[in-house]
Each structure stands twice: as structure tokens, then as C-alpha cells.
Amino acid sequence: MITPHQEYEIDDNVSRLDLARVHGWLTTSYWSPGVSREIVERAARNSSLVVGAYHNSVQVAYTRVVSDRTTFAWLCDVFVDEAHRGKGLARAMVRFALAHPEHQNFRRWLLATRDAHGVYKSIGFEPLTSVERWMAYYPPKISAKQPGKPL
Ligand SMILES: CC(C)(COP(=O)(O)OP(=O)(O)OC[C@H]1O[C@@H](n2cnc3c(N)ncnc32)[C@H](O)[C@@H]1OP(=O)(O)O)[C@@H](O)C(=O)NCCC(=O)NCCS
């Protein structure tokens, strides 16, 4: 599925991803510093949906969705190349994911962000309610390069 956005193409084709470029972004991100290429690639291949944005066939942004394709989805690894920020690409990719035919009628979508709440708020995301009901588990044997505790 390909959707145009200004001079960009938003595409869910996993084989079109430039995983070297995606790794270059994610390994510098605040949530997965130092993440290996192998983990980036495995995570992409095991995601229910990957979303790339392309400019003249060069990938300029990425996000992915982890989901059972029935009730629940986790949106993560949203990254827009610095030269292409401020053009609505992050929002366009998130809207693309929310509209994806294999990701409809869910009970809930989740995401975590340190400071980009504004990107998601305008699309309809809101802070967690009943925070006391939620728990997280961070496996202890994770290496220093792959810290379990996010954000
Ligand atoms: C955050 C990021 C994905 C935004 O991408 P983008 O394509 O520039 O975002 P968009 O153009 O779709 O939307 C930006 C809107 O969100 C708002 N916003 C809120 N927090 C923001 C933030 N931390 N960074 C950028 N925009 C933010 C902007 O003000 C803008 O609103 P406006 O259109 O009303 O002016 C991009 O800056 C990025 O990749 N940053 C590094 C990685 C990162 O932090 N990813 C998000 C993880 S949750």
C-alpha cells in the first residue's frame, strides 16, 4: 500500500526499507542508543506493519507497529531524517498506520514518547488513564547497549 504525502511516498513494503539507514537513525535515538543492526532488522521483520517514507526513492522516515492485528497495537521507532522534519511526515506515517486495512477496529493503540506528545495528540492520542492499572517488566539480563528500561 502506497499513499502520497506532498512530494513523499508512504509505503508499508518491508522489502523496500533501507535498513542500514533505519539502523543509523535508531542507534542514535534516545530510546535505543547503540542498538545493533541485527536487532533493528529482526524487529522490522517481526513487526505487524512497517512504514517507510520515501523522497525520490530514498527513505527519509520510519516507524513500525507491533500488533496482534485484532485488538491491540504498539506504535514505535518513529523517526524522521533531520532534513525532512517539520513537513508532517511523522503525522502522515502515524495516520497511515491507523488507517491500515489490517490494523482496524482495535481496542487500543499505545506509544511512549519523551517529548513528542504534540505529534500524536493532534491525531487523537491521549495520556494514559488509570495509570495504576499498568505495569511493565524489564528483563534483567539485557546488556548495557540494549537497556531494558525505555525512555
Ligand atoms: C519527533 C519527530 C518524529 C517529528 O517528526 P516530523 O515529521 O518533523 O513531525 P510532523 O511534521 O509530522 O509534526 C510535527 C508537529 O508535532 C509538533 N511536535 C511536538 N513535539 C515535537 C517534537 N518533539 N519534535 C517535533 N515536533 C513536535 C510540532 O510542533 C508540529 O506541530 P505543528 O504541525 O502544529 O507545528 C522528529 O522530530 C524526529 O524524528 N525526532 C527524533 C526522533 C524522535 O524523537 N522520535 C519520536 C519518538 S516518540
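On a predicted model such as this, the values are computed, not experimentally measured, just so you know.

Here is what the cut-offs are and how they apply
Residues numbered from 1 in each chain as written. Predicted model: local features only at pLDDT ≥ 70, side-chain atom pairs only at ≥ 80, totals over all residues. Heavy atoms only, no water. Patch = residues over 30% accessible without salt bridge, like charges linked within 9 Å, V, L, I, M, F, W, Y side chains within 5 Å. Areas by Shrake-Rupley, 256 points an atom, 1.4 Å probe, with all protein chains shown as cover. Salt bridge = Lys/Arg side-chain N within 4 Å of Asp/Glu carboxyl O. Helix = DSSP H or I, 4+ residues; strand = E, 2+ residues; numbered from the N terminus. Buried < 20%, exposed > 50% of the residue type's maximum accessible area, 1.4 Å probe, protein only. Pairing = 2+ DSSP bridges. Axes fitted to C-alpha atoms, helices over the stretch in contact; angles between N-to-C directions. Contact = heavy atoms within 4.5 Å.

(A) Here's a closer look at a nonpolar patch on the surface. Judged by side-chain polarity, Val 66, Phe 72 and Trp 74 come together as a nonpolar surface patch covering roughly 220 Å² of accessible area. With respect to the helices, strands and loops of the structure, Phe 72 is situated in strand S5 (residues 72-80). Phe 72 sits in the partly exposed class, given a relative accessible area of 31%.

(B) Molecular detail of unusual backbone geometry. Notably, Ser 57 is not glycine yet its phi reads approximately 70 degrees, a positive angle. Secondary-structure assignment places Ser 57 in the loop between strand S3 (49-55) and strand S4 (58-67). Phi is positive for Asn 105, close to 60 degrees, though the residue is something other than glycine. Within the secondary structure layout, Asn 105 lies in the loop between helix H3 (89-98) and strand S6 (108-110).

(C) Quick peek at the sheet that holds S5. What the 6 strands build is an open sheet, ordered S1-S2-S3-S4-S5-S6; its pairing is mixed. Edge positions in the sheet fall to strand S1 (2-5) and S6, since each has one partner strand and no second. With direction set aside, neighbouring strand axes in the sheet form an average angle of 20 degrees. As paired strands, S3 and S4 are joined by 7 bridges and run antiparallel to one another. Note that in S4 the partner of Val 50 across the bridge is Arg 64. In the packing of helix H1 (residues 19-26) onto the sheet, contacts are made with S4 and S5, and the angle to S4 comes to roughly 75 degrees.

(D) Looking closely at the pairing of S5. Of all 9 residues in S5, 7 are buried, a share of seventy percent or more. Where S4 and S5 come together, 6 bridges link them in antiparallel fashion. If you follow Ser 67 over to S5, its bridge partner there is Ala 73. Linking two consecutive strands that pair antiparallel, namely S4 and S5, is a turn of 4 residues; a positive phi of about 60 degrees is found at Arg 69 within it.

(E) Fine view of H3. Counting buried residues in H3 gives 7 out of 10 residues, a clear majority hidden from the surface. Buried residues of H3: Leu 89, Ala 90, Ala 92, Met 93, Val 94, Phe 96 and Ala 97, and no others.

(F) Quick peek at the pattern of salt bridges. Inspection of the entire model under this criterion finds 9 salt bridges. A salt bridge links Asp 11 to Arg 16; the nearest nitrogen and oxygen atoms lie 2.8 Å apart. Classification of Asp 11 by relative accessible area gives buried; the value is 4%. In this structure, Asp 77 and Arg 64 form a salt bridge, with 2.8 Å as the shortest nitrogen-oxygen distance. Of this pair, Asp 77 sits in strand S5 while Arg 64 sits in strand S4, and the two are 13 residues apart along the sequence. The exposure class of Asp 77 is buried, given its relative accessible area of 11%. The network of salt bridges with common partners includes Glu 9, Asp 11 and Arg 16.

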